[in-house]
Structure formats: C-alpha cells, structure tokens
Amino acid sequence: MKYPAESYAKAFSEALEEHPSKKDHIIKSFLGAVYRNGDWPAIEKILNLITQKITHGAGGRVVSAEFARPLSDKLILEFKKEFSVKDHVEISLRPELVAGVRVLIDGEKELDMTLAKKINKLLQ
Amino acid sequence: MKEIIEKLKRDIVGFEDKAEFADVGIVTEVGDGIAKISGLRNALSQEILLVEASSGVLPAVAFNLEESSIGAVILGEAEGVAVGNRVKKSGKVLSLKAGDELLGRVIDPLGEPLDGKGVVFQASYGKDYSLERKAPSVLERESVSAPVHTGIKSIDAMIPIGRGQRELIIGDRQTGKTAIALDAILNQKQDAKDSGRKQIICIYVAVGQKNSKIAKIVKMLEENEAIKYTVVVSAPASSPASMQFLAPFAGCAIGEYFMDSGKDALIIYDDLSKHADSYRQLSLLLRRPPGREAYPGDIFYLHARLLERAAKLSKEKGGGSLTALPIIETKLGDVSAYVPTNVISITDGQIYLESNLFYKGIRPAINAGLSVSRVGSAAQTKAMKKVAGKLRLELAQFRELQAFVQFASDLDENTKKQIKRGELLTEVLKQADGEPFAVAMEVASIFAAINGFLDDIAVKDIKTFEKEFLEFLSKMHQKDIVEPLSKGEWNEKTEEALKNAIHSFKNMKKIS
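This structure is a prediction, so every number in the text was calculated from the model and none was measured.

Focus on the overall build of chain B
Counting its regular elements, chain B contains 16 helices and 19 strands. The principal-axis extent of the C-alpha atoms belonging to chain B is close to 95 × 55 × 45 Å. Across the 512 residues in chain B, those meeting the buried criterion constitute 54%. Contacts spanning at least 24 positions in sequence make up 73% of the contacts within chain B whose residues lie at least 6 apart. Averaging the positions of the 69 positive and the 69 negative side-chain charges in chain B gives two centres separated by 2 Å.

Concerning the sheet that holds strand E1 (residues 21-23) of chain B
Reading across the sheet, the five strands line up as E2(A)-E1(A)-E3(A)-E4(A)-E1(B) and stay open at both edges, with mixed pairing between neighbours. Each edge of the open sheet is held by one strand with a lone partner, namely strand E2 (88-93) of chain A together with E1 of chain B. With direction set aside, neighbouring strand axes in the sheet form an average angle of 25°.

Side note on the environment of Asp277 of chain B
Residue and element names in this part refer to chain B. Tracing the backbone through its elements, the reader meets Asp277 in helix H6 (residues 272-285). By relative accessible area, Asp277 is classed as partly exposed at 31%. A distance of 2.8 Å separates a polar atom in the side chain of Asp277 from a polar atom in the side chain of Tyr295.

Here we look at the interface of chain B and chain A
Taken together, the contact between chain B and chain A spans 21 residues of the former and 16 residues of the latter. When chain B packs against chain A, the two sides together hide about 1700 Å² of surface, and 49% of this comes from carbon and sulfur. Three residues stand out in chain B for area buried against chain A, namely Asp17, Phe21 and Arg86 of chain B, and they jointly supply 35% of the buried area on that side. Where chain B meets chain A, there are six salt bridges. Lys45 of chain A is paired through a salt bridge with Glu29 of chain B; the nearest N and O atoms lie 3.0 Å apart. For the interface between chain B and chain A, the tally reads seven residue pairs in polar contact (both at pLDDT 80 or more). Those elements that place two or more of their residues in the side of chain B that touches chain A are helix H1 (2-13), E1, strand E2 (25-31), strand E3 (34-39) and strand E7 (86-93) of chain B. For the side of chain B that touches chain A, the class distribution of residues is seven nonpolar, four polar and 10 charged. In the sheet, strand E4 (residues 109-114) of chain A pairs with E1 of chain B via three bridges, with the strands oriented antiparallel. Across the sheet, the residue bridging to Leu111 of chain A is Phe21 of chain B, located in E1 of chain B.

Brief notes about the packing of aromatic side chains
All names here are of chain B. Tallying each qualifying case throughout the model produces 19 aromatic pairs over all chains. Taking 6.0 Å as the distance between ring centres and 15° as the angle between the ring planes, the aromatic pair formed by Phe465 and Phe469 counts as stacked. One end of the pair, Phe465, and the other, Phe469, are both in helix H14 (residues 462-476), four residues apart, so they sit about a helical turn from each other. The exposure class assigned to Phe465 is buried, which follows from its relative accessible area of 7%.

Re a nonpolar patch on the surface
On the surface, Leu122 of chain A together with Met1, Ile4, Ile5, Leu8 and Ile12 of chain B cluster together into a nonpolar patch covering about 630 Å² of accessible area. When residues of the nonpolar patch are assigned to their parent elements, the largest contribution, four residues, is made by H1 of chain B. Met1 of chain B gets classed as exposed once you look at its relative accessible area, which sits at 76%.

Brief notes about the pattern of salt bridges
It is possible for side chains bearing opposite charge to pair when their charged atoms get close. Scanning all chains against the criterion turns up 48 salt bridges over all chains. One salt bridge in this structure joins Lys312 of chain B and Glu142 of chain B, with 4.0 Å as the shortest N-O distance. Within this pair, whereas Lys312 of chain B is found in the loop between helix H7 (299-307) and strand E17 (321-329), its partner Glu142 of chain B is found in the loop between strand E10 (127-130) and strand E11 (147-148), the two being separated by 170 residues in sequence. By relative accessible area, Lys312 of chain B is classed as buried at 11%. The class of Glu142 of chain B is partly exposed, set by a relative accessible area of 28%. The partner of Glu468 of chain B in a salt bridge is Lys509 of chain B, and the shortest N-O contact between them spans 3.0 Å. Placement of the pair is Glu468 of chain B in helix H14 and Lys509 of chain B in the segment after helix H16 (492-508), with a sequence separation of 41 residues. Its relative accessible area of 38% is what places Lys509 of chain B among the partly exposed residues. Through salt bridges that share partners, Glu66, Arg94, Glu96, Arg102 and Glu110 of chain A together with Glu52, Arg86 and Lys88 of chain B make up one connected network.

Considerations on the packing of helix H3 (residues 177-195) of chain B against helix H4 (residues 211-223) of chain B
All names here are of chain B. Where H3 meets H4, the closest approach of the two axes is 11 Å, and the angle between their N-to-C directions is 25°. Viewed along their axes, H3 and H4 adopt a mutual orientation that is roughly parallel. As H3 runs across H4, the sense of the crossing is right-handed. On the side of H3, the interface is formed by Thr178, Leu182, Ile185 and Leu186, while H4 contributes Lys213, Ile217, Met220 and Leu221. Classifying every residue of the contact of H3 with H4 gives six nonpolar, one polar and one charged.

Regarding the pairing of E17 of chain B
The side chains of a regular strand alternate between both faces of the sheet. All names here are of chain B. With eight of nine residues buried, E17 is to be regarded as a mostly interior element. Two elements, strand E16 (residues 264-270) and E17, share six bridges in a ladder whose sense is parallel. Its bridge partner lying in E17, Ala265 is registered against Leu322.

Focus on the nonpolar core
Note that soluble globular proteins tend to have their nonpolar side chains buried in a common cluster. All names here are of chain B. Residues Ile185, Ile351, Leu391, Leu454, Phe469, Leu473 and Leu498 are the most contacted members of the largest nonpolar core, which totals 74 residues. Counting residues per element, this core draws most heavily on helix H13 (residues 439-450), which supplies 10 residues. Leaving out residues up to four positions away in the same chain, Leu454 has contacts with Leu424, Val428, Ala448, Ala449, Ile462 and Phe465. Core analysis: the next-biggest nonpolar cluster, separate from the first, contains 63 residues, Ala253, Ile254, Ala310 and Val339 among them.

Things to note about the confidence of the model for chain B
Low pLDDT marks stretches whose predicted atomic positions should not be read closely. Averaged over all residues, the pLDDT of chain B equals 91, while 99% of them reach at least 70. For this predicted complex, the interface confidence comes out at an ipTM of 0.79, alongside a pTM of 0.88.

Remarks on unusual backbone geometry
Residues and elements named next belong to chain B. Each neighbour pair has its own omega, and for Asp270 with Asp271 the value is -5°, a cis peptide bond. Position of Asp271 relative to the elements: it lies in the loop between E16 and H6. The omega torsion of the bond from Arg363 to Pro364 falls at 0°, within 30 degrees of zero and hence cis. Residue Gln46 is not a glycine yet carries a positive backbone phi of 70°. Its location among the elements puts Gln46 in the loop between E3 and strand E4 (47-53).

Parameters and conventions
Residues numbered from 1 in each chain as written. Chains lettered and ligands numbered in written order. Predicted model: local features only at pLDDT ≥ 70, side-chain atom pairs only at ≥ 80, totals over all residues. Heavy atoms only, no water. Helix = DSSP H or I, 4+ residues; strand = E, 2+ residues; numbered from the N terminus. Buried < 20%, exposed > 50% of the residue type's maximum accessible area, 1.4 Å probe, protein only. Contact = heavy atoms within 4.5 Å. Lys, Arg positive; Asp, Glu negative; His and termini not counted. Charge placed at Lys NZ, Arg CZ, Asp CG, Glu CD. Pairing = 2+ DSSP bridges. Axes fitted to C-alpha atoms, helices over the stretch in contact; angles between N-to-C directions. Polar contact = N/O pair within 3.5 Å; in protein donor to acceptor, adjacent residues only side chain to side chain. Buried area = accessible area lost by both parts, 1.4 Å probe. Salt bridge = Lys/Arg side-chain N within 4 Å of Asp/Glu carboxyl O. Nonpolar A, V, L, I, M, F, W, Y, C, P; charged D, E, K, R; others polar. Phe/Tyr/Trp six-rings, centres within 6.5 Å; stacked < 30°, edge-to-face > 60°. Patch = residues over 30% accessible without salt bridge, like charges linked within 9 Å, V, L, I, M, F, W, Y side chains within 5 Å. Areas by Shrake-Rupley, 256 points an atom, 1.4 Å probe, with all protein chains shown as cover. Parallel < 35°, antiparallel > 145°, perpendicular 65-115°, else oblique. Left-handed = near helix turned anticlockwise from the far one by under 90°. Core = buried A, V, L, I, M, F, W, Y, C linked by side-chain atoms within 4.5 Å. pLDDT = per-residue confidence, 0-100.

So this is what it looks like as structure tokens:
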C-alpha cells in the first residue's frame, strides 16, 4: 500500500468535515485517489475505518451481527431497534455458526451465543 | 461403550456456558507468518494470542504493540489464517515446561517433542519457564570458579572456560565450530567421573541448521551415551523464522531450570548468526525500521539479554551455573561485521577458528593469538595452570619465527630449537573430532611437550608416542599420576612421578 488505510480514513473524514457542501465531489475524488495510488485492494479496510470514524464521531458504536440463519425483515428491524440510532449496525449471514448469533462491537468486544462455540467448548 | 456414553452424559450435563462479552481482536492483514490484528488493547508484549483460523486455533506471539493494532508472529504453519479471523488473548506470556524429563529428548522451541518418543512429561507436569526472563542481578551472582573441561587440549590449556562463562566460538563455515561444541558435550560424562565435580547438563540449540545435520548430531550423542544428559532444541532451516527466533530463548529457559535447581548447565547456541537473520526477517516483515546490514536497531540488545542470562549463581541462590557457548559464522574471516562484533563484545572471550589452519591440517583450527578467555583462567585447575603457563608464550614465539622456517638451515641453534619446539607443540595440540581427552591426559601430554621430553621424537611420530604413552599412564600410573591430575592436584610428588613415568616409557620404547 502506498499509504496506510488509517491515513486515508483520517484524510477523508477531515475533508468531509471541513467542506460538508462538497460531499459528492469529495467522495468521487477520494475513490479516484485510492484507485490512482494503487491501493484499491484495501478499499474494504479503508471503508470500514471510515465507517468506524464517522460512527464514533457521532457518538455511536459499530455493531456487526453474524447470524447462522437468514432473518426475516421484521426480525432484522426488531434487532436494529435494540441499538441507538447513532450506532451503525451491520448484519451478515454465517452458516458455519450452526445456530444463534455472534455480535461484535467496535471490533473489540464480542458476545458469542452460537451453537458452534458451545460445541467447540464441549469438545475441548 | 457404556462407560463412554456415561462420560459423555456427565460432560453434557455438567456443561456450563454463560453468554458474556469477551475481548477479541480481528486479523486485518496476514502474510509471511505475520498477522496484523486490530483490537485487543490490553494485550501484553510477548503474550500468546489464539487465532481462530479455518485450520483450528493457532498460537501467535504479540510482538509489536502499536497505537491501533498488534503485529503478531504466528507460531507454526500460517496457511489457515485469513483476514477477519477472530483472535483472543490467552493471558500467558510465551513459556515452556521445563523439567528433568527433558533430558535425552529432542524438542521444538515450544517444548513439543520431535523425536517420536511420546509426550515429554509423563510422571510430572514440569515447571513453567518464561522464554524471556530477566538475567540474574549482580548480588545473585558470584565469580566463575569451577572449570568446564571441553576435552580439547588447546582450549583447556590456553583458553579455559569456567562454569557460568560465555565463550564465543567464531569462524568461517567448515572450520570445526560445531565439532568443538560437541566435543565439550561428549567430555562432560568422563570429566564428572574423573574430577568428582557435578555432572554438567548440556543443551544443544540448533538454529537454522539442516535437518540432516541435526539428525547426525543426535545420533552421535546417542552413540556416545551423551544424550542422557543432553536436551536438543531444534529449529531447523525448514521451520518458520519465528521458531528459529525463539529457539535460543527456549534453550536458555531450560538451562535456567537446571541452574535454578543448583545444577551446572552448558548451553550451545548453534548458531547466533542464523538467529540474527531470523530476527531480521521477522523485524522487516513487521515493518520495523532497518539499521546496519538491514538488522533492526535492537539486535545488540537481543543477543545481550540472551547471553546475560548465563551466570554462576551465588551459594544463597543454590550455586548453580549456566555456561553459554554461542557460535557465530563469519564470512571470509570478517570478524568486523555487525553481528560478530556485537557478540564478541558481549561474551567473555572467543575461540577463533581459521580456515587456513584447518586446511593445513591443524585441527581444531584454533588461532591461539586471537583467541582469549577473559575470566576462565580463574577456574583453571592448579595442575593445568602449572603446565600450560608457558604454552601460550612458546606458541607466540613460534608464530613470530614461523616465517623463517623455510630458511631453517641458515638459522642459529637457539632459533632452530624454538621452531622445532613450536612444531612439536602444534602437533601435540592437534586432536581428532569426537575424541575429547580426559583432563589428566591433557596435563600429562602438555607437560611432556613443554618440558622438552618430546624433543628427541620426530614430529611425525608424536601422535603415536602420545597415544601409547597415555595408555601406559592410565594402565600403570592410575593412583600416583592420573587420579591426582584428574582432581586438578599438582605437587612435587606428582611432578616427579610424571617425569619418572615419561623416562621409563621412553626407556621401554628405547627412545634415548
């Protein structure tokens, strides 16, 4: 990588803060800059960092919930209601968890209530 | 079958799993055995982290603690680790189990057996020893006072090593560095029996060596029954850089276990050049700034903190000792390279081996002029001190006159005599691989040479004479010469007996 992902995230969020009116232009130029610098393979990491930065800046938390089975729209809505509006909630599907849910908050704290974890623990 | 089902039932009924938040980290980058992990803010330096990879839970060591991430070195094969894998703290810093059961075993730097003889600790649990530990303080130490006899005449006479000393073995490739260290291991059994001192436990640490070489060494130790008091820590060239980096620390932790138990231990690091290379590899992959020869800035500290752990403990601390024999491989005899100069300055002396001497047939190829032992003479026995005092001087004079050997016919009698004596001494100090001498035999042999008793023997016949004479001594003069010399005693009576023995042997052989 030409520049670290953290630097991209910081530069982008600061630019957005300084010029809120040029939001579309900043996003377009930012993506162009990442591509030109040859750092496109790390775009996912950069976007995650930006999400984290913006969410934290607004006083929220980044919540990533992994379910073993697909959820109905109603259940998704109910799940999201458990968190504040400032929080950024992402939901993904991980069939290897067998059953249950695994919630990761800010990439640091995890609540694992999956059957896969229980089976692993039992077999240990 | 019923029992198994009952056991499983008990496990299931007694199973408890509370849902609670736990600290986790996420792998954000991975490659070349290095993982970058976000989260885990409270991780300790050198803490074992558990990576939940697709191939199972893999241990990794936290090396770089940065502001927002951790640089960790994955221990073992890192193929199953992917971005997004969860990482958990273990709460333990890197350590291994140490105990007497390690004797006779070949293990990897994490303490896992490699010799196919099953689990190491069967009767006991072993004691946890951290790979990184603070070296004993000044108050916990005492001066070196007992010798480590290597069984190599030139070393025991001119470059003596004491228990608790750090003596570097340095030289180019194929100059006999490992052979010296192995002779030192082989000699310990006989030496303990002869001298009545504590048996020295040996630890051989192979870093970045060929598997075939390690197998050969283990076989040799087994054949000579030296494996019984030896532990081999193996991190061959095929193992990951992380294992090669950890091997000397693992060996040192095992040595410390024996030292703390009041025993004497000898550790051989074969070799620290490859260890420095593995540390350079890890440091560059962790993006630490490179310094001279691309080694990281703390390469001196790395070797200093490792070698500083060799010590002779005070009586209050049990009186144990850990002697270190690090090996450094030079390139084209260049001792002024970065790592060799570092280790020379850390250790208490060096045994310098030269390719030229090796190819001339002088083996061990020790350069007596450049080799020194800064503290070992205090540990030399009285007998060895008495006979070896003049040896270094005579050899130094011989080296100065060596250039004139080709003009031998034009030289005066005195110079000719000195050259002859030098050649003779060089011949006496030659020794084959894997044939360490008992200390009494070393003393007798050097005494005969230095006092002119061998002057009337042709240089080519010296080895035969020496062999037969030493056999004669061990058969006919066990009580009056061999036993006191083995214990390091020297008095007029022993000296007289030795002189008489030489005369009677020469008369027997009809040498004037």
